[in-house]
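Descriptive structure summary
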Amino acid sequence: MSVSLVVIRLELADESLFPKGFQYTAADMSEEEFKERALGSAKVALSGKSDLDRTAVLHQHIGSRAMTDMVIETFNHSTDKSGGPESGDAGEGEEASPQSRGSPSPSEERPGSRGAKDATEGVTLPDSPSKQLPDQISFFSGNPSVEIVHGIMHLYKTNKMTSLTEDGRRSAMLCILTVPAAMTSHDLMRFVAPYNDVMEHMKIIRDSTPNQYMVLVKFSAQADADGFYTACNGRQFNSIEDAVCQLVYVERAEVIKSEEGASLPVMDLTELPKCTVCLERMDESVNGVLTTLCNHSFHSQCLQRWEDASCPVCRYCQTPEPVEENKCFECGVQENLWICLICGHIGCGRYVSRHAYKHFEETQHTYAMQLTNHRVWDYAGDNYVHRLVASKTDGKMVQYECEGDSCQEEKIDALQLEYSYLLTSQLDSQRIYWENKILHLEKDTAEEINNMKAKFKETIEKCDNLERRFGDLVKEKQSMDKKCTQLSSRVSKLSQELQEEQELNRCLRANQAQLQAQLREEERRAQEGGEHKDGRIAELQEQLRDVMFYLETQQQISQMPAAARQELQEGQINIASGPSPPAPAKLGGRKGRGKRGK
């Protein structure tokens, strides 16, 4: 009995963490050799490419596949030395005690040390309770055996075969491809219970695929894996359901980031698609593989249970001929189209523009289905794997079986193939010529694109500089607007003060004119008063002279003899009072002036 080994590759998203203990290889190789075998072709395909080209290549190989969350649950069958539970049974919020970390507990450490101290130094007081506590206490939250990653699960089939009857190095790890979701972890443990002693660990992988999950089982030796494969392969999980245990040997289990080229083809490996109805992997040994126009693949047995022509998954109405929406992703033609069963890429046939075959050369996606007659072509074997046709009675998709050598379609296919080979050999020279010409045009176009990219980069830098300058100018404008507002308010305030000062000045000028008029009037009055005073002073001076003259006269009279005074008193003027009467001669002359002064 010959079996083929598989390679399981977990493509992780860039932000997802690596699962613990997932990587495995059956051959003894170092980590560098393991990475070289896993990423050798990817490094060659991505080397020397820019970030934009790398992204385009990775997107082309991923196709329509989307990354989903996958739960990896690990069961270790080796018990802990401390007598604790298995790692798969760890609960949430557990704390690791000091005994589990290998450090002595306070109750074991403190009494011994205190007794030694008592023997050397005598009786001392016991330590406080705070000193008996450990320095650190380890703690974790959640189940450490359950990990959630985000990515895509790839299943590759190796091109080499191995026989179970021969003593050859195969693998100590087996994979149960499809386990029904109704089968719990306890049911699975009971199913593999006879081999618990020879199993190292078991990983349950649950992805977005409904109603099933995958299990990786690692045995201690290859002989134990062979015994489990012989006993359990093809065996029903229970007597009620029809699901059987499908086992495959795992040559390698690897975890690779998506940015490193995990979706790129691997040398000597063929990626297998899976049926979207029963969710089992499909290869050339499975009869009746169909990928519909809505990019869903099925087994022939799955389609036989369906009663109409629509898709069992999305209910898309299927037709035997390509509809107008189907066209080549590269050139857009709508005839002789082939759809890739791995990623859903649609390309034209090798007799149109060879885009389907070029997709195989670039991605190594081996299987493609023709949309007109739903036949699957194997590019590696260069032949049809099988064919599905639509029944004329009910329109269902059934497997086409040829009856002996009388099958006219097989003869027509053989003639078409021979004619195609002849035509291809005659047109090789023309193809090479035009391919070289196209290659030169691609180089020139690539140079122009690089120049345009450089100019575009310079333009972006200039735009960034202008945007920064614009931001600075906007900030400066805001500050200037603020200053202008402050200055405007200050100008309005100063204008108001100026108006007040002008009004005050006008009032002061009016007061000044009034005061000047009053000053002139006062000066005139002062001048008139001065003139009046001067006249009065002159008159007073005259009166003073008269008085002085009078006094002198009286003095002279007083000095005269008595007879003379008597004569004088008997004169014309008799002065009743006065110490001495004036002389008679002079008295008459001054009399009128004295009266005038009065």
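Predicted model, so just to flag it, every value in this text is computed and none were measured.

**Re the overall build of the chain**
- The helix and strand tally for the chain stands at 11 helices and 17 strands.
- Expressed as a percentage of its 598 residues, the buried residues of the chain come to 32%.
- Summing over all exposed atoms, the chain offers an accessible surface of approximately 38,400 Å²; the carbon and sulfur share of this is 52%.

**Some details on the environment of Leu 417**
- Positionally, Leu 417 belongs in helix 8 (residues 408-426).
- Put simply, Leu 417 and Asn 383 are 34 residues apart on the chain and 10.0 Å apart in space, counted from C-alpha to C-alpha.

**A few points about the pairing of strand 4 (residues 146-163)**
- Relative to strand 4, strand 1 (residues 2-12) runs antiparallel, the two sharing 10 bridges. Bridged to Glu 11 within strand 4 is Ile 152.
- Both strand 3 (residues 68-76) and strand 4 contribute to a ladder of 6 bridges, which runs antiparallel. Residue pairing in the sheet places Met 70 in a bridge with Val 149 of strand 4.

**Quick notes on the packing of aromatic side chains**
- Counted under the stated rule, the structure contains 7 aromatic pairs.
- Each ring, one from Phe 191 and one from Phe 237, has its centre 5.2 Å from the other, and the planes form 55°; the classification is tilted. One end of the pair, Phe 191, is in helix 4 (residues 185-191); the other, Phe 237, is in the loop between helix 5 (222-232) and strand 8 (247-257), and 46 residues separate them in sequence. Of the two residues examined, Phe 191 and Phe 237, each falls in the buried class.
- A cation sits over an aromatic face here: Arg 170 above Tyr 249, 5.9 Å from the ring centre.

**As for the confidence of the model for the chain**
- Averaged over every residue, the pLDDT of the chain is 75; residues scoring 70 or more account for 69%.
- Looking across the chain, the model is least confident in helix 3 (residues 106-121), with a mean pLDDT of 40, and most confident in strand 13 (residues 346-348), with 92.
- In this model, residues 284-288 is a region of pLDDT below 50 whose contacts with residues beyond four sequence positions or in other chains number 15 contacts.
- pLDDT under 50 marks residues 387-397. Its contacts with residues more than four places away, or in other chains, come to 31 contacts.

**Focus on the pattern of salt bridges**
- All chains considered together, the criterion is met by 12 salt bridges.
- For Arg 170, the salt bridge is made with Asp 226, and the minimal N-O distance between the two is 2.7 Å. Residue Arg 170 is located in the loop between strand 4 and strand 5 (173-180), and its partner Asp 226 is located in helix 5; the two are separated by 56 residues in the primary sequence.
- Taking the relative accessible area as the measure of exposure, Arg 170 reaches 4% and is therefore buried.
- Notably, a salt bridge pairs Glu 521 with Arg 525, separated by 3.3 Å at the nearest N-O pair. Of this pair, Glu 521 and Arg 525 are both found in helix 9 (residues 428-559), 4 residues apart, which corresponds to roughly one turn of the helix.
- What you see here is one network of salt bridges that share partners, running through Glu 521, Glu 522, Arg 524, Arg 525 and Glu 528.

So, how was this worked out
- Residues numbered from 1 in each chain as written.
- Predicted model: local features only at pLDDT ≥ 70, side-chain atom pairs only at ≥ 80, totals over all residues.
- Heavy atoms only, no water.
- Helix = DSSP H or I, 4+ residues; strand = E, 2+ residues; numbered from the N terminus.
- Buried < 20%, exposed > 50% of the residue type's maximum accessible area, 1.4 Å probe, protein only.
- Areas by Shrake-Rupley, 256 points an atom, 1.4 Å probe, with all protein chains shown as cover.
- Pairing = 2+ DSSP bridges.
- Phe/Tyr/Trp six-rings, centres within 6.5 Å; stacked < 30°, edge-to-face > 60°.
- Lys NZ or Arg CZ within 6 Å of the ring centre and 35° of its normal.
- pLDDT = per-residue confidence, 0-100.
- Contact = heavy atoms within 4.5 Å.
- Salt bridge = Lys/Arg side-chain N within 4 Å of Asp/Glu carboxyl O.

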